[in-house]
Amino acid sequence: MTSFRLLTSTFAMSLAMVPAWAQSAPAAASAPALSLELNTAQPSEKGCRLTFVVNNALGADLSKAAFEIALFNEAGVVDRLTVLDFKDLPAGKTKVTRFDLAGADCGKLSRVLINSATECAGVEPAACMRALKTSTRTAIAFGV
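It should be emphasised that the depicted structure is a prediction, and the values quoted were computed from it without experimental measurement.

### Comments concerning the confidence of the model for the protein
A residue-level look at the protein finds 80% of positions with pLDDT of 70 or above and a mean pLDDT of 85. Below pLDDT 50 for its whole length, residues 10-28 participates in 0 contacts with residues either more than four positions away or in separate chains.

Next comes the structure, spelled out in structure tokens:
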């Protein structure tokens, strides 16, 4: 019986210690990010309409954000370079933006590559590329 009491006391003491070491672990802070999702690619009257969902979690308003992108065809060859201007991106805000790419065929678009940030006003210029997180909901490869 004594060993059972000793065992339950030891067990109770170990449970009491759980909150102490659980609280001492630092909370993981999320890194600043500029999330850019290629949400849809749809044929339009002008060519191909790309819809992006962008979220500015950089901790500062961007008065202007623009990116040079490369469009690759179905053979993996660069079809064109163009700049997409997302304009202002308030801190903590999610925004949906559409771009019509004249003469582009969505069905032949295999990849969209972000070459560089041509404008990143409101934070250190390199922050837009360094903190950029890309994703896609399309069959088109998208990234840096």
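### Describing the sheet that holds strand β5 (residues 94-102)
In spatial order, the strands read β5-β2-β1-β7; together these 4 strands make up an open sheet with mixed pairing. This sheet does not close on itself; its edge strands, each paired only once, are β5 and β7 (132-136). Each strand axis lies, on average, 25 degrees off the axis of its neighbour in the sheet, ignoring direction. Summarising the sheet, strand β1 (residues 33-43) and strand β2 (residues 47-57) pair through 10 bridges and their orientation is antiparallel. If you follow L36 over to β2, its bridge partner there is V54.

### Re the side chain of N56
Checked against the element boundaries, N56 lands in strand β2. Exposure remark for N56: the relative accessible area of 1% places this residue in the buried category. At 2.9 Å, the side chain of N56 and the backbone nitrogen of L58 are in polar contact. If we skip the residues at most four places from it in the chain, N56 touches A33, L34, D61, L62, L89, P90, A91, G92 and K93.

### Digging into the pattern of salt bridges
Oppositely charged side chains may form a pair once their charged atoms are brought near each other. If you walk through the whole model with that rule in mind, you get 6 salt bridges. Across the salt bridge formed by R137 and E37, the nearest N and O atoms sit 3.0 Å from each other. One end of the pair, R137, is in the loop between β7 and β8 (141-143); the other, E37, is in strand β1, with 100 residues separating them in the sequence. A salt bridge links R49 to D100; the nearest nitrogen and oxygen atoms lie 3.0 Å apart. Here the residue R49 occupies a position in strand β2, and D100 occupies one in strand β5, the gap between them amounting to 51 residues. Looking at R49, the relative accessible area reads 27%, which means it is partly exposed.

Definitions and cut-offs
- Residues numbered from 1 in each chain as written.
- Predicted model: local features only at pLDDT ≥ 70, side-chain atom pairs only at ≥ 80, totals over all residues.
- Heavy atoms only, no water.
- pLDDT = per-residue confidence, 0-100.
- Contact = heavy atoms within 4.5 Å.
- Pairing = 2+ DSSP bridges.
- Helix = DSSP H or I, 4+ residues; strand = E, 2+ residues; numbered from the N terminus.
- Axes fitted to C-alpha atoms, helices over the stretch in contact; angles between N-to-C directions.
- Buried < 20%, exposed > 50% of the residue type's maximum accessible area, 1.4 Å probe, protein only.
- Polar contact = N/O pair within 3.5 Å; in protein donor to acceptor, adjacent residues only side chain to side chain.
- Salt bridge = Lys/Arg side-chain N within 4 Å of Asp/Glu carboxyl O.

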